[in-house]
Amino acid sequence: MTLEASFGASAPPAPPPAYQVRSESRLVRAALIAVALGFLGLFLVLPLAVVLTRAFASGVSAYAAALTEPDALAAIRLTLTAAAIAVPLNLLFGLCAAWCIARFEFRGKSVLITLIDLPFSVSPVIAGMVYVLLFGLHGWLGPWLRSHDVQIIFALPGIVLATVFVTFPFVARELIPLMQEQGSDEEEAAVVLGASGWQLFLRVTLPKIKWGLLYGVLLCNARAMGEFGAVSVVSGHIRGQTNTMPLHVEILYNEYNMAAAFAVASLLAALALVTLVIKTLLEWRYADELAATRRH
Amino acid sequence: MADAAASPTGWGRTGGGGFRKPSVLPGFGITLGFTLAYLSLIVLIPLAALILGAAGLGWDGFWAAVLKPRVLASLQVSFGAALAAALINAVFGLAVAWVLVRYDFPGRRVVNAAVDLPFALPTAVAGIALTELYAPNGWIGGLLEPLGIQVAFTPLGIVVALTFVGLPFVVRTVEPVLQELEAEQEEAAAMLGAGRLATVFRVVLPAILPALLTGFALAFARGVGEYGSVIFIAGNLPMVSEIMPLLIVIQLEQYDYAGATAVATLMLAVSFALLLLINLLQHWMRARHDA
Amino acid sequence: MHPRTRSLSAFLLGTALAFGAPAALADTSLLNVSYDPTRELYADVNKAFAKAWKAESGETLTVQQSHGGSGKQARSVIDGIEADIVTLALAYDIDAIAEAGRMNKDWQAEFPNNSAPYTSTIVFLVRKGNPKGIKDWEDLVKPGIKVVTPNPKTSGGARWNFLAAYGYALGKAGGDDAKARDFVGRLFRNVPVLDTGARGSTVTFAQRGIGDVLLAWENEAFLAVNEMGPDKLEIVVPSVSILAEPPVAVVDQVVDRRGTRKAAEAYLRYLYTPEGQELAAQHYYRPRLAEVAARHANRLPQLPLFTIDEKFGGWSKAQATFFADGGVFDQIYTPGR
């Protein structure tokens, strides 16, 4: 105000508000927006549009038939089953890892955090391959498993293991920074007041992290249901038995059955969109209770 | 960040060889035990089996398997395409982050949410969709064909697929930093007479550089290992458009376990190096941010 | 380690083992691990055989399928996929399975005709009207012609393609190994895409519009023409080609453990019956039974066919010479670019 006043009554140009100094000319703005939206349109909108168009290219009844065919149903069932095992396992792991990392100080913690991140940077193909090397008939444990009549790869356990590997860090990566930020004062107070371990977790910790937990589970689940590379290596591609939805898409695609391939793909795309919507809602409503939205 | 605040007493590492700082909270043993056991069972032991397998080849055997022309070519394809895609994402991702943070336009929030689509969309779906788009008879491929540009089934197709899967990384790392950038510096530069372009290059870019590099490295790391979206669009021609993960699969398929193990171990080493690099970058970013 | 942690990991391992137990199936099921272009054939055979088996034994039987490049499928069997039956593109891949101890080494003597219930050959698939005027093998090595074939390292069909081309060059007047190598070398320099399986190549050529000519299994070529329409593609029959004998076998280790030998053997024998042969012919395989072959003679062109035994001394030798690491294929292919 004083600055403005000192310019007196000579009707000076008002000093531009900060956002104007920090902004570009209209033309540059429009061009930048066009570039950004054009880029996103090309890489995000068009692929989704092509999936939907091709899925319905042969009509709605062909679409329904492709999704209700026994092999497709088996693939959907297998995908749901694998995710239903893998996600809770990683949820349990995420909780344990976050508890010991965010609530205690111990040596080697940063090494542990790096190791938890490792599956994110390992190629999915390698994630599948290591299990073939371990559990394949000519792998380290293969002969023993065979003599005990246990099938791991080319069966559900292998698919679950590969899925667990690629989705390993999701819950932990969300919870660790969140719980670190929240601090442990409340938990310590509860312990001093005589809370047991379970009471502590259910009454104090869980309410504070529930949205972050849901957020991590959501992303974990999306990846679990959509994983292709790792599962492809261990699956064996038996129709109606070890084909997950993404693998079923590939098979149909290789059988000239484009409409059916894109029909199943559209189901996976719908899953992705639902995931995005829930994720965005969580970010809007519970931004303060998520680590991901304020990690930096 | 808040990491330091979490240890109120400022416990250091000098505690007479103590493994951990005492705490009133329960559950350290069981949670750390489970974490380590699970980590070992799922990740460490299987990866160790891979590395031991490679060690069994001996140095000579390992290098012989890795230095084959086809392996080296796939290395070049994987790294070249991942690098190109990460560069594209650095430029356009920065533009997207800038537009999302600095400008207001209708539908901005929806666009912002849509940026994460590549994280959520299964890679196989992305692969067939991009192939359908860029094949010579596809929506975009059909437009490019008369110009003599072929995308699908060439290395260019790999770049397209990797650009898709790496798209969110740069946007999501740069966005928050751009958001929190203090207005004063830019204003001061403007007051001192710097043009807008000069301000952006001298003040804004250096400030977001660590974040930009982190996003670039994340997109690059993801691109090097990507498989599902690439194999549909790449054409998979040895020496030309064959990526390393596919080569591993092919070697497994032709009973060449030694070769697959060696190449996989090499990739694992690269992944680990990239992971460490990214950790360093993030440290730098935080240090810059806290300062 | 904390005792409770130990019990937790024991629990985890237990869960893994519980899920690992083979799912108990109420009725008999067989798994047929096969190569790429047989998808449609075995979809029909499985239905027909299930009916015949029900009538014969009263058992309800389902046959499950897995398809992929022949070499890759053999790898899965070696690694432990529970295949009762393998129906692959070439004998070498089944030899590799036998070599790994999963079945009897003289499997090829167990069924008639070297355990190959049907045969096929390699033909050319070109675009409608044959715009590049491709008539014979010689046209494939012309500059500017784009040839699509899968990767001989992973695909059985591709190995037949390779040997058909090689055999053609060898059989020409004045042909010898050096000339034949040069010929396939020039041919593979014209290959823009190398998929891992025959089906991938067909999709690349027919659906994606890549290349001028596809080297394909005869049945795969017919299928592509039927799928895409005769207004898009046509088949060119070369002057000479190879007699491809895709073999079948029972995986002894698996059927003995699962107790499915009877059904598995009946399944493979069914392929030799007039019904099985008719199904094969309907899917453009060349049947062994003369009466069935006669019925379909007008659909399958007559051309001189050489066998792998007479030109190359059998599969083991051909595999070692041409497709092993550092073999002829590696020599002509890798440095060429």
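An account of the accompanying structure is given in this report. Just so we're clear, the structure is a prediction, and the values are computed from it rather than from any experiment.

### Here we look at the overall build of chain C
Within chain C, the secondary structure is distributed over 16 helices and 11 strands. In terms of overall dimensions, chain C has C-alpha extents of about 70 × 55 × 40 Å along its principal axes. Burial status across chain C gives 61% buried among its 337 residues. A fraction of 75% describes how many contacts in chain C between residues 6 or more apart in sequence connect residues 24 or more apart. Per element, the accessible surface of chain C, about 12,500 Å² overall, is 54% carbon and sulfur.

### Some words on the interface of chain B and chain A
In this complex, chain B contributes 104 residues to the contact, which on the side of chain A involves 93 residues. Summed over both sides, the interface between chain B and chain A buries roughly 9,100 Å², with carbon and sulfur atoms accounting for 77% of that surface. Summed over the shared surface of chain B and chain A, the number is two salt bridges. One salt bridge in this structure joins arginine 54 of chain A and glutamate 132 of chain B, with 2.6 Å as the shortest N-O distance. In this assembly, chain B and chain A are joined by 10 residue pairs in polar contact (both at pLDDT 80 or more). In the side of chain B that touches chain A, the residues fall into 72 nonpolar, 18 polar and 14 charged.

### A short note on helix H3 (residues 26–55) of chain A
Here H3 of chain A is 30 residues long and its end C-alpha atoms lie 41 Å apart, about the 44 Å a rise of 1.5 Å per residue gives. Taking the largest bend as the criterion, H3 of chain A deviates by roughly 40 degrees, centred on glycine 41 of chain A.

### A word on the interface of chain C and chain B
The partner chain B presents 29 residues to the 29 residues of chain C that form the contact. With both sides pooled, the region where chain C packs onto chain B buries about 2,500 Å², and carbon together with sulfur makes up 63% of that total. Taken together, chain C and chain B are joined by zero salt bridges. Here chain C and chain B share one residue pair in polar contact (both at pLDDT 80 or more) between them. Looking at the side of chain C that touches chain B element by element, the count peaks at five residues for helix H3 (residues 70–78) of chain C. Looking at side-chain class alone, the side of chain C that touches chain B contains 12 nonpolar, seven polar and 10 charged residues.

### Examining the nonpolar core
As a rule of thumb, soluble globular proteins bury nonpolar side chains together. Within the largest apolar cluster, 310 residues are counted, with the highest numbers of intra-cluster contacts made by Val86, Trp137, Trp160, Phe162, Leu163 and Leu187 of chain C. No other element matches helix H5 (residues 70–103) of chain A, which puts 16 residues into this core. Three or more residues apiece are contributed to this core by two domains, here domain 1 (1–55) and domain 2 (61–290) of chain B. Setting aside chain neighbours within four positions, we find leucine 187 of chain C in contact with Leu140, Val141, Val147, Ala165 and Leu215 of chain C.

### A short note on the pairing of strand S6 (residues 213–217) of chain C
Residues and elements named next belong to chain C. Extensive coverage of S6 is indicated by the burial of five of its five residues. One ladder, built from five bridges, connects strand S4 (residues 118–127) with S6; its direction is antiparallel. Bridge pairing in S6 places valine 126 opposite valine 213. Alignment of strand S5 (residues 147–148) against S6, held across two bridges, turns out to be parallel.

### Regarding the packing of aromatic side chains
Under the counting rule described, the total for this entry stands at 46 aromatic pairs over all chains. Measuring from centroid to centroid gives 3.8 Å for tryptophan 211 of chain A and tyrosine 286 of chain A, while their planes differ by 10 degrees, and the two rings are stacked. Placement of tryptophan 211 of chain A in helix H12 (residues 197–226) and of tyrosine 286 of chain A in the segment after helix H15 (258–285) is noted, with a sequence separation of 75 residues between them. The exposure class assigned to tyrosine 286 of chain A is buried, which follows from its relative accessible area of 18%. Each member of the aromatic cluster is reached from another via a ring pair, and the members are Trp160, Phe162, Tyr166, Phe188, Phe312, Trp315, Phe322, Phe323 and Phe329 of chain C. The ring of phenylalanine 306 of chain C carries lysine 311 of chain C above its face, with NZ or CZ at 5.0 Å from the centroid.

### Regarding the pattern of salt bridges
In the structure shown here, the tally under the stated rule is 38 salt bridges over all chains. A salt bridge links arginine 196 of chain B to glutamate 186 of chain B; the shortest N-O distance between them is 3.2 Å. Remark: glutamate 186 of chain B occurs in helix H9 (residues 183–191) and arginine 196 of chain B occurs in helix H10 (residues 196–225); sequence separation between them is 10 residues. Glutamate 186 of chain B carries the same exposure label as arginine 196 of chain B, and that label is buried. Where glutamate 138 of chain C meets lysine 172 of chain C, a salt bridge forms, and the shortest distance between an N and an O atom there is 3.1 Å. Note that glutamate 138 of chain C is positioned in the loop between S4 and S5 and lysine 172 of chain C in the loop between helix H6 (156–171) and helix H7 (177–189), a separation of 34 residues in sequence. Residue classification places glutamate 138 of chain C among the partly exposed positions, given a relative accessible area of 31%. By sharing partners, the salt bridges in this structure join Arg146 and Asp149 of chain A together with Glu82, Arg102 and Arg257 of chain C into a single network.

### Observations concerning the sheet that holds strand S2 (residues 61–68) of chain C
Within a sheet, each strand pairs with its neighbour through backbone hydrogen bonds, oriented either parallel or antiparallel. Residues and elements named next belong to chain C. Reading across the sheet, the four strands line up as S2-S1-S3-S9 and stay open at both edges, with mixed pairing between neighbours. The open sheet has two free edges, formed respectively by S2 and strand S9 (248–250), since each of these has just one partner strand. Neighbour to neighbour, the strand axes of the sheet diverge by 20 degrees on average, direction disregarded. Relative to S2, strand S1 (residues 28–35) runs parallel, the two sharing eight bridges. Bridge pairing in S2 links threonine 28 to leucine 61. Against the sheet, helix H2 (residues 39–57) engages S1, S2, strand S3 (85–87) and S9, with an angle of about 165 degrees to S2. Docked against the sheet, helix H11 (residues 261–270) engages S1, S2, S3 and S9, running at close to 170 degrees with respect to S9.

Quick notes on the rules
- Residues numbered from 1 in each chain as written.
- Chains lettered and ligands numbered in written order.
- Predicted model: local features only at pLDDT ≥ 70, side-chain atom pairs only at ≥ 80, totals over all residues.
- Heavy atoms only, no water.
- Helix = DSSP H or I, 4+ residues; strand = E, 2+ residues; numbered from the N terminus.
- Buried < 20%, exposed > 50% of the residue type's maximum accessible area, 1.4 Å probe, protein only.
- Contact = heavy atoms within 4.5 Å.
- Areas by Shrake-Rupley, 256 points an atom, 1.4 Å probe, with all protein chains shown as cover.
- Buried area = accessible area lost by both parts, 1.4 Å probe.
- Salt bridge = Lys/Arg side-chain N within 4 Å of Asp/Glu carboxyl O.
- Polar contact = N/O pair within 3.5 Å; in protein donor to acceptor, adjacent residues only side chain to side chain.
- Nonpolar A, V, L, I, M, F, W, Y, C, P; charged D, E, K, R; others polar.
- Expected span 1.5 Å × (residues − 1).
- Bend = angle between axes of the 7 residues up to and from the residue.
- Core = buried A, V, L, I, M, F, W, Y, C linked by side-chain atoms within 4.5 Å.
- Domains from an automatic or database assignment.
- Pairing = 2+ DSSP bridges.
- Phe/Tyr/Trp six-rings, centres within 6.5 Å; stacked < 30°, edge-to-face > 60°.
- Lys NZ or Arg CZ within 6 Å of the ring centre and 35° of its normal.
- Axes fitted to C-alpha atoms, helices over the stretch in contact; angles between N-to-C directions.

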